[in-house]
2 protein chains.
Amino acid sequence: MLRKYIQEKSTLIDLALEEFIPEYNGYPAKVFEAMRYSLLAGGKRLRPVLLMAAADAVGGQGARYRHVACGLEMIHTYSLIHDDLPSMDNDDYRRGKLTNHKVFGEAIALLAGDGLLTAAFEIMLAQPEVAPAVLLQVVREIASSAGATGMIGGQTVDLLSEGKMINIATLTYMHQAKTGALFKAALRAGAMLANAQTWQVDALTTYAEEFGLTFQITDDILDVTGDQAKIGKPVGSDEKNQKATYVSLYSLAEAQSMAEAAGQQALSALDKFGPEADVLRLMVRYILTREN
Amino acid sequence: MLRKYIQEKSTLIDLALEEFIPEYNGYPAKVFEAMRYSLLAGGKRLRPVLLMAAADAVGGQGARYRHVACGLEMIHTYSLIHDDLPSMDNDDYRRGKLTNHKVFGEAIALLAGDGLLTAAFEIMLAQPEVAPAVLLQVVREIASSAGATGMIGGQTVDLLSEGKMINIATLTYMHQAKTGALFKAALRAGAMLANAQTWQVDALTTYAEEFGLTFQITDDILDVTGDQAKIGKPVGSDEKNQKATYVSLYSLAEAQSMAEAAGQQALSALDKFGPEADVLRLMVRYILTREN
């Protein structure tokens, strides 16, 4: 069931992304080419799928919100392009392909990231079938999650922590901000767009927090135990970059049981939901057993 | 009169910027410090002042729209930070101070730019006293102007044209996109926020286009004839970077008379407006005679 849901929704999302950021024949064609290179590189589309699944879980129709959903994917993709730049993580591979700056050069990669971030807002604000006041609130919250107290804040701390011993409080902050905030925004946006009740938004917020933690711990685990061919980038890059992770601060076994525990908490948050939240339930198992 | 208006509005804008991007004491304090470093470096605040002046010109109260106005200044500032990076123009000075990456390093400068762009949207979407549907439309248009078919498109062409002979059509596109689009968005946003009539929006659009051209030609002239102490960055950087400009494609005298002609067109666009557009009229002369 989950496989079918993800396939169906990610096809819809891929088509929408292709539509929203089309090939461009004017003067700045090159920056569109670079934006499309990373955006259409076939990621898991986890954030837009979560947004749609949250809307479905509260009785809405997730597929309606493809503008906001695609905006989240564009924000995620821009953050990867900038994160991979030589002045940041200096990575050569991403999703099994050369990173953006390896293909287009640093300057165009920088502009492609800027272009995707800006396009994300343009497209989210064009979401039809939503009351303008609701849309304003949702996009504002996404901006906040992606901003300097959210994702960018997490990247800042990540960067400043390289090669340093950091404690678990800093690691927790860093992950909540760097990846957790956007997951939370995805789930909350889906619920709010579909006019969820307050208890539903609250429950999905808790789910999102625990889901984000599960995701991050498994991400750290995969960087140690993963298969480069499956994860699409070299294994061991955290250790190479001297990054504190759940696996460096705890043992592998401890990290695995922490991921399981967080996953359980995510499931508990859905207790009051019926079968319409089954996709979100299955997503937890999917993350815990993922190979990429 | 203009001096008083600019002083009054830019004081209001500086205070609002200080309020919107406050000092931050949490983990990512560094990125806030970097954002504030460039944002509060005392630029001319031309875009937010134009937004307010456009609202005033159609009988509105420009000072009300400080959220959207400040968003424009944040977008402008982020573009300068990224533009100055080593992989782009590699500039050491801006507004008479060291560029952001010279003080904070490339990675934090990159994130500070990203943070300002993201904050711009968060803050614009929080603009009070405007109907949500109008605000959505205005912010969408700003996103479009700042994006890959607008400002970022212009930067792309600028970058790809370095060291090459480009024709006047390419130069015109580049400037319209790189600086013109955001000026146009500023004027149109001010008018639309203040519920202007269609003819007023149209007239201010024409004004904006000619104003932008005037600004760009005088910018190119200043890069040749300016005083480094006044413009805050080295003179002759266009020639050093082998950039095509109005002064390289035309003579200095020709460029000067083109700037005058564009300024006249801007003034003509205001023919149907009364004294409430006097600030916009004076702005044209201000740009034509500016020393920085």
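Going by the structure above, here's the rest.
The structure contained in this document is the topic of the report that follows. This structure is a prediction, so every number in the text was calculated from the model and none was measured.

Moving on to the overall build of chain A. A tally of regular secondary structure across chain A gives 15 helices and two strands. Against the globule reference of 19 Å for 292 residues, chain A gives a C-alpha radius of gyration of 18 Å, in line with a compact fold. Principal-axis analysis of the C-alpha atoms places the extent of chain A at approximately 55 × 45 × 35 Å. The 292 residues of chain A split such that 60% are buried. Restricting the contact set of chain A to residue pairs at least 6 apart, pairs at least 24 apart contribute 73%. Approximately 11,200 Å² of chain A is accessible, and the part contributed by carbon and sulfur atoms is 49%. Taken together, the 27 basic and 35 acidic charged side chains of chain A have centroids lying 2 Å from each other.

This part takes up the relation of the copies chain A and chain B. Note on the identical chains: chain A maps onto chain B by a rotation of 180° and an axial translation of 0.0 Å, with an RMSD of 0.0 Å. Look at the turn and shift together and you get a two-fold axis relating the two. Across chain A, the smallest distance between a C-alpha and the rotation axis is recorded for A:Pro132, namely 2.7 Å. Of all interface residues in chain A, 100% are interface residues in chain B too; the two copies therefore contact each other through one and the same surface.

What follows is about the side chain of A:Arg47. Residues and elements named next belong to chain A. Relative to the assigned elements, Arg-47 resides in helix H3 (residues 46–57). An unpaired buried charge is present at Arg-47: no salt bridge exists, and Glu-73, the closest side chain of opposite charge, is 5.1 Å distant. Beyond its immediate stretch of four places on either side in the chain, Arg-47 contacts Leu-72, His-76, Leu-182, Phe-183 and Ala-186.

In this assembly, 47 residues from chain A lie in contact with 47 residues from chain B. Roughly 4,100 Å² is buried in total at the junction of chain A and chain B, and carbon and sulfur atoms are behind 79% of that figure. Across the contact surface, chain A and chain B share zero salt bridges. Taken together, the links from chain A to chain B amount to two residue pairs in polar contact (both at pLDDT 80 or more). Those elements giving two or more residues to the side of chain A that touches chain B turn out to be helix H2 (29–39), helix H4 (66–84), helix H6 (106–124), helix H7 (132–146), helix H8 (151–161) and helix H9 (168–193) of chain A. Among the elements that make up the side of chain A that touches chain B, the one with the highest residue count is H6(A) (eleven residues). Taken together, the residues that form the side of chain A that touches chain B break down as 31 nonpolar, eleven polar and five charged.

This part is about the pattern of salt bridges. All names here are of chain A. This structure, assessed with the given rule, holds 38 salt bridges over all chains. Between Glu-73 and Arg-45 there is a salt bridge; the shortest N-O distance is 2.9 Å. In this pair, Glu-73 sits in helix H4 while Arg-45 sits in the loop between H2 and H3, placing the two residues 28 residues apart along the sequence. Per residue, the accessibility class of Glu-73 equals that of Arg-45, and both read buried. Salt bridges sharing common partners tie together Asp-14, Arg-45, Glu-73 and Arg-95.

Here we take up the nonpolar core. The nonpolar side chains of soluble globular proteins are, as a tendency, buried together. Formed by 208 residues in total, the largest nonpolar core has its most connected members in A:Met74, A:Tyr207, B:Met74 and B:Tyr207. Contacts of B:Tyr207, omitting those with residues within four sequence positions, involve B:Leu50, B:Leu187, B:Ala266, B:Ala269, B:Leu270, B:Leu280, B:Met283 and B:Val284.

Residue and element names in this part refer to chain A. For Arg-45, which is not glycine, the phi torsion reads 55° and is therefore positive. One non-glycine residue with positive phi stands out, namely Glu-129, at about 65°. Relative to the helices and strands, Glu-129 resides in the loop between H6 and H7.

Let us look at the environment of B:Ile287. Residues and elements named next belong to chain B. Among the structural elements, Ile-287 can be located in helix H15 (residues 278–288). Judged by its relative accessible area of 0%, Ile-287 is buried. Placed 40 residues apart in sequence, Ile-287 and Val-247 show a C-alpha to C-alpha distance of 17 Å. Excluding its chain neighbours within four sequence positions, the residues that come into contact with Ile-287 are Leu-46, Phe-211, Thr-214, Phe-215 and Thr-218.

The next point concerns a nonpolar patch on the surface. Taken together, the side chains of A:Tyr93, A:Leu98 and A:Val103 make up a nonpolar region of the molecular surface, amounting to roughly 240 Å² of accessible area. A relative accessible area of 35% places A:Leu98 in the partly exposed class.

This brings us to the packing of helix H2 (residues 29–39) of chain B against helix H6 (residues 106–124) of chain B. Residue and element names in this part refer to chain B. With their axes 9 Å apart at the nearest point, H2 and H6 run at an angle of 75° to one another. Here H6 runs roughly perpendicular to H2, going by the angle between their axes. Facing H2, whose interface residues are Lys-30, Val-31, Ala-34, Met-35 and Leu-39, H6 presents Ile-108, Leu-111, Ala-112, Gly-115, Leu-116 and Ala-119.

Let us now look at H6(B). Between its terminal C-alpha atoms H6(B) stretches 27 Å, which fits the 27 Å expected from 19 residues at 1.5 Å a residue. Of all 19 residues making up H6(B), 17 are buried, and the element is well covered by its neighbours.

Right, let's talk about the side chain of A:Arg188 for a bit. All names here are of chain A. Structurally, Arg-188 is set in helix H9. We classify Arg-188 as buried; its relative accessible area is 18%. Here the side chain of Arg-188 touches Glu-141 through a polar contact of 2.4 Å, side chain to side chain. Look past the residues within four positions of Arg-188 in its chain and what remains in contact with it is Glu-141, Val-201 and Thr-205.

What counts, and at which threshold
- Residues numbered from 1 in each chain as written.
- Chains lettered and ligands numbered in written order.
- Predicted model: local features only at pLDDT ≥ 70, side-chain atom pairs only at ≥ 80, totals over all residues.
- Heavy atoms only, no water.
- Helix = DSSP H or I, 4+ residues; strand = E, 2+ residues; numbered from the N terminus.
- Rg over C-alpha atoms; globule rule 2.2 N^0.38 Å.
- Buried < 20%, exposed > 50% of the residue type's maximum accessible area, 1.4 Å probe, protein only.
- Contact = heavy atoms within 4.5 Å.
- Areas by Shrake-Rupley, 256 points an atom, 1.4 Å probe, with all protein chains shown as cover.
- Lys, Arg positive; Asp, Glu negative; His and termini not counted.
- Charge placed at Lys NZ, Arg CZ, Asp CG, Glu CD.
- Least-squares fit on C-alpha atoms with pLDDT ≥ 70 in both.
- Salt bridge = Lys/Arg side-chain N within 4 Å of Asp/Glu carboxyl O.
- Buried area = accessible area lost by both parts, 1.4 Å probe.
- Polar contact = N/O pair within 3.5 Å; in protein donor to acceptor, adjacent residues only side chain to side chain.
- Nonpolar A, V, L, I, M, F, W, Y, C, P; charged D, E, K, R; others polar.
- Core = buried A, V, L, I, M, F, W, Y, C linked by side-chain atoms within 4.5 Å.
- Patch = residues over 30% accessible without salt bridge, like charges linked within 9 Å, V, L, I, M, F, W, Y side chains within 5 Å.
- Axes fitted to C-alpha atoms, helices over the stretch in contact; angles between N-to-C directions.
- Parallel < 35°, antiparallel > 145°, perpendicular 65-115°, else oblique.
- Expected span 1.5 Å × (residues − 1).

The quantities given are spatial measurements derived from coordinates; they are silent on function.
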